[in-house]
Amino acid sequence: MSSGSIASRYAKGLFEFCQENNELESIYPIIRHLLEILSKESKLHEVLEDITLTPDEKISLIERVSGNTFLPKTLKQFIALIIKKNRTDILFNVFLIFRRIYLNSKNILDVELLMADELTPPALEKIKAKVANTLNSACEIDVKVKPELIAGYTLIVNGKVFDSSIKGQLSSVKKNLLEKKFDNR
């Protein structure tokens, strides 16, 4: 069985358990926060897979880096289960899949907005409102600054890419020029 299908089974189990116990709304923000931390801190993955640390030390570490003095009992038990089963390598994927299941269950679009420059909070809120209005749906928008875009933005909605960045436009021009060069031979 692949690690992807294992992660999916764990995520579905956690989601269903949280749903049955009316804990989705309290646990989802914590999982989202943990995802942000795990995606930014690659060393954390390595530390969590360190076999010299006890499961309790790993759980304590997750609590500390998450900024929570304690995790909800359900989530703490779930993380402990994954750690004790020596599956810490799939924890990040479990949380990603959990997030996707949650968003789908709430009919919320998963949107990633890549910007060339940092935005002010009011400008960011205007963009978020415009995106939600344009897509005619509730959206969860993750904003990331990518200076390599030069200017403009790239919007990724449920895996579909809408590129309005200078880098994207330059790549398109380059591709067209290369195609014409080979067509003229």
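The rules behind the values
Residues numbered from 1 in each chain as written. Predicted model: local features only at pLDDT ≥ 70, side-chain atom pairs only at ≥ 80, totals over all residues. Heavy atoms only, no water. Axes fitted to C-alpha atoms, helices over the stretch in contact; angles between N-to-C directions. Helix = DSSP H or I, 4+ residues; strand = E, 2+ residues; numbered from the N terminus. Parallel < 35°, antiparallel > 145°, perpendicular 65-115°, else oblique. Contact = heavy atoms within 4.5 Å. Nonpolar A, V, L, I, M, F, W, Y, C, P; charged D, E, K, R; others polar. Buried < 20%, exposed > 50% of the residue type's maximum accessible area, 1.4 Å probe, protein only. Pairing = 2+ DSSP bridges. Right-handed = clockwise from strand over helix to strand, strands pointing away. Salt bridge = Lys/Arg side-chain N within 4 Å of Asp/Glu carboxyl O. Phe/Tyr/Trp six-rings, centres within 6.5 Å; stacked < 30°, edge-to-face > 60°.

**Here's the deal with the packing of helix α2 (residues 24-40) against helix α5 (residues 73-84)**
In the contact formed by α2 and α5, the axes pass within 10 Å of each other and the chain directions differ by 45 degrees. By the angle between their axes, α2 is oblique relative to α5. For the pair α2 and α5, the contacting residues are Ile27, Ile30, Ile31 and Leu34 in the first and Thr74, Leu75 and Ile79 in the second. For the contact of α2 with α5, the per-class residue count stands at six nonpolar, one polar and no charged.

**A few points about the pairing of strand β1 (residues 109-115)**
In terms of burial, β1 is largely enclosed, as five of its seven residues are buried. Bridging between β1 and strand β2 (residues 139-145) involves seven bridges; their strand directions are parallel. Bridging from a neighbouring strand, Val111 pairs with Ile141 of β2. Tracing the backbone out of β1, into helix α7 (residues 121-135) and back to the parallel element β2 gives a crossover that is right-handed. Bridge analysis of β1 against strand β3 (residues 152-157) gives five bridges, and the strand direction is antiparallel. Within the sheet, the bridge partner assigned to Leu114 lies in β3 and is Thr154.

**Structural notes on the pattern of salt bridges**
One pass over the structure, following the stated rule, counts nine salt bridges. For Glu140, the salt bridge goes to Arg32, with nearest N and O atoms at 2.6 Å. Here Glu140, found in strand β2, pairs with Arg32, found in helix α2; they are 108 residues apart in sequence, far enough to count as distant. Both residues of the pair, Glu140 and Arg32, belong to the buried class. In this structure, Asp142 and Arg99 form a salt bridge, with 3.2 Å as the shortest nitrogen-oxygen distance.

**Focus on the packing of aromatic side chains**
According to the stated counting rule, one finds three aromatic pairs in the structure shown. The interplanar angle of 10 degrees and the centroid separation of 3.8 Å between the aromatic rings of Tyr28 and Tyr102 together place this pair among those described as stacked. Taken as a pair, Tyr28 in helix α2 and Tyr102 in helix α6 (residues 91-105) lie far apart in primary sequence, 74 residues in all. The exposure class assigned to Tyr102 is buried, which follows from its relative accessible area of 6%.

**Topic: unusual backbone geometry**
Backbone geometry places Asn86, a non-glycine residue, at a positive phi of 55 degrees. Position of Asn86 relative to the elements: it lies in the loop between α5 and α6. Exposure remark for Asn86: the relative accessible area of 67% places this residue in the exposed category. The phi torsion at Asn136 lies on the positive side, around 55 degrees, for a residue other than glycine. Within the element layout of this structure, Asn136 appears in the loop between α7 and β2.

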